Amino acid sequence: MEKKIQSALISVFYKDGLEPLVRTLHRLGVTIYSTGGTQAFIEGLGLPCIPVEDVTGYPSILGGRVKTLHPRIFGGILGRRDMEQDVREMHQYEIPAIDMVVVDLYPFEETVASTTDEKAIIEKIDIGGPSMIRAAAKNHADLLVVASRSDYAEVTECLSKQDGRTSLDQRRAFASRAFAVVAHYDVAISQYFGSAGRDRFLESMNGSRHLRYGENPHQSGRFHGDLDTLFEQLNGKELSYNNLVDTEALLQLMEDLHAEEEAVFAIVKHTNVCGVARRSHLRQAWDAALAGDPESAFGGVLACNRPVDAETADAISEIFFEVLVAPGYTEEALATLSAKKNRILLRQKARLKPGRQYRSLLGGVLEQDADTGDVARWEGERSDLAFANIVCKHLKSNAIAIVKDGRLIGKGCGQTSRIDALRQALEKARQFDADLHGAVLASDAFFPFDDCVRMAHEAGIAAFIQPGGSIRDKDTVAFCQEKGLALIITGMRHFRH
């Protein structure tokens, strides 16, 4: 059913974008009620409005904490126009009908991000705003609710075209948005106070984008979050579901390598590292990373820790890849790489922040801390061991990484036994003629038997790093001691499923 807006309550924290909406309401002859700073803003435009205090008979009290929490305000919002008793009571108690509510909320999240002053944070917990939004959204059969400044332009256009009228479908759509705004706000407050004593899964993110499809073309997909804080997209098609999954895996690896002083290039395919190397120059790092597995690199996602120069761009352009993430690009490099219109080129603006990790399964959600376990950084052979340990952490379990001279030369991942992961890693190294003599090996979990170190030693592996924890650790240690092989037991497992 269409409803003509005759009165509106406007009380907002942010005034940007509000003027066109207020002027449109005035032109349509709508009576405007307002409070405090919003009232001053509207009057500053030379437009009339009625102070809420004139309706309630009470001034703003308790330092502004109580302004709109009054039966004459909430009665005007919640009163059902098609119920005789509600209409009679509104008339009896001189409650003005309110047909539109425009309210945004105190900037709680922004305050938390900008200060540690708890008193200031607590004062930005809005009470009246969420209450009015929920009330108006509940009574959307009679009211239009606008709970976000991002909706002002759409609402202004709608009212202008429809002579101040709205349909039930439109009011219901805005009510849905309003409930989402309040829900997100409440989650942010709950998260600030911490999870102690909380037995519910609460998570909310601003921003959502529709993806071309999910993991496969027959699946729909969406991304919830704000990619713009991380990246600036300089070229290419929209990021797909699989692009995002691989890019996340890639940036997790680069985050663990951020302390490297040398140039680092990494290649990821289906969330597994298939090439990574560190060198004094970026082009050298690219060549070394690619040499580790040039076949798997086809169609992969790439990242580096230095701005891409023209020479490196020429080399990268020789293969097909989906995504490249870099801190910057020279003008010549960007021109070269942009020659393919679908290539996704991202300039990374901020580091990936480790946080909670979630996975939906069995009708519920698994939650854990990110794997931010520190890894040591050493010199010489020990440096390769540390590098291998980082790389192995970013392979699907069971995982083995073989490294030599700061380059991944063989990897085995996603295997159901550790010895099979080792066989795969050795075969991959031999496939591309890597010299295994003097290489080092990392395992994401313990060696259940000494068969892994025996096989690796026969292939030329000279040193090992693994978490330990097997009841047969002593067999592995004894073999390494017998053969004079270096073995580091970290005590920290890095399963990845």
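Now for a quick tour of the structure. Worth saying up front: this structure is predicted, and the values here are computed from it rather than measured.

## Description of helix α18 (residues 473–483)
Piece 1. By the burial criterion, the buried members of α18 are Asp473, Thr476, Phe479 and Cys480. The arc that holds every buried residue of α18, seen down its axis, measures 135 degrees, which confines them to one face. In α18, the exposed positions angled more than 90 degrees off the buried face are occupied by Lys474, Gln481 and Glu482.
Piece 2. Buried residues in α18 make contact with α17 (451–459), β21 (463–466) and β22 (486–489).

## Comments concerning the sheet that holds strand β6 (residues 144–146)
Each strand in a sheet pairs with another by means of backbone hydrogen bonds, the pair being arranged parallel or else antiparallel.
Piece 1. One open sheet accounts for five strands, arranged β4-β3-β2-β5-β6; its pairing is parallel. The strands lining the two open edges of the sheet, one partner per strand, are β4 (50–51) and β6.
Piece 2. Pairing between strand β2 (residues 7–11) and strand β5 (residues 100–103): four bridges, direction parallel. Note on β5: the bridge partner recorded for Ser11 is Val103.
Piece 3. Against the sheet, helix α8 (residues 128–138) contacts β2, β5 and β6, and its axis sits at roughly 150 degrees relative to β5.

## Description of the side chain of Lys393
Piece 1. Tracing the backbone through its elements, the reader meets Lys393 in helix α15 (residues 380–393).
Piece 2. Only 2.7 Å separates the side chain of Lys393 from the backbone oxygen of Asp371, close enough to count as a polar contact.
Piece 3. Excluding residues within four positions of it along the chain, Lys393 makes contact with Asp256, Asp371, Thr372, Gly373, His494 and Arg496.

## Overview of the pairing of β21
Piece 1. By the alternation rule, side chains of β21 split into Ala463 and Ile465 and Phe464 and Gln466, which are all buried.
Piece 2. Looking at chain direction, strand β20 (residues 440–443) and β21 are connected through three bridges and run parallel. Bridge pairing in β21 places Val440 opposite Ala463.
Piece 3. A crossover links β20 with its parallel partner β21, the connecting element being α17, and its sense is right-handed.

## Some remarks on the packing of α8 against helix α10 (residues 168–193)
Piece 1. Two elements in contact, α8 and α10, have axes separated by 9 Å at closest approach and are oriented at 150 degrees. Here α10 runs roughly antiparallel to α8, going by the angle between their axes. Regarding α8 and α10, the two cross each other, and that crossing is left-handed. Between α8 and α10, the contacting residues are Pro130, Ile133, Arg134, Ala137 and Lys138 on the first element and Ala175, Ala178, Phe179, Val182 and Tyr185 on the second.
Piece 2. Of the residues that constitute the contact of α8 with α10, the class distribution is eight nonpolar, no polar and two charged.

Basis of the calculations
Residues numbered from 1 in each chain as written. Predicted model: local features only at pLDDT ≥ 70, side-chain atom pairs only at ≥ 80, totals over all residues. Heavy atoms only, no water. Buried < 20%, exposed > 50% of the residue type's maximum accessible area, 1.4 Å probe, protein only. Helix = DSSP H or I, 4+ residues; strand = E, 2+ residues; numbered from the N terminus. Arc of directions from axis to C-beta. Contact = heavy atoms within 4.5 Å. Pairing = 2+ DSSP bridges. Axes fitted to C-alpha atoms, helices over the stretch in contact; angles between N-to-C directions. Polar contact = N/O pair within 3.5 Å; in protein donor to acceptor, adjacent residues only side chain to side chain. Right-handed = clockwise from strand over helix to strand, strands pointing away. Parallel < 35°, antiparallel > 145°, perpendicular 65-115°, else oblique. Left-handed = near helix turned anticlockwise from the far one by under 90°. Nonpolar A, V, L, I, M, F, W, Y, C, P; charged D, E, K, R; others polar.

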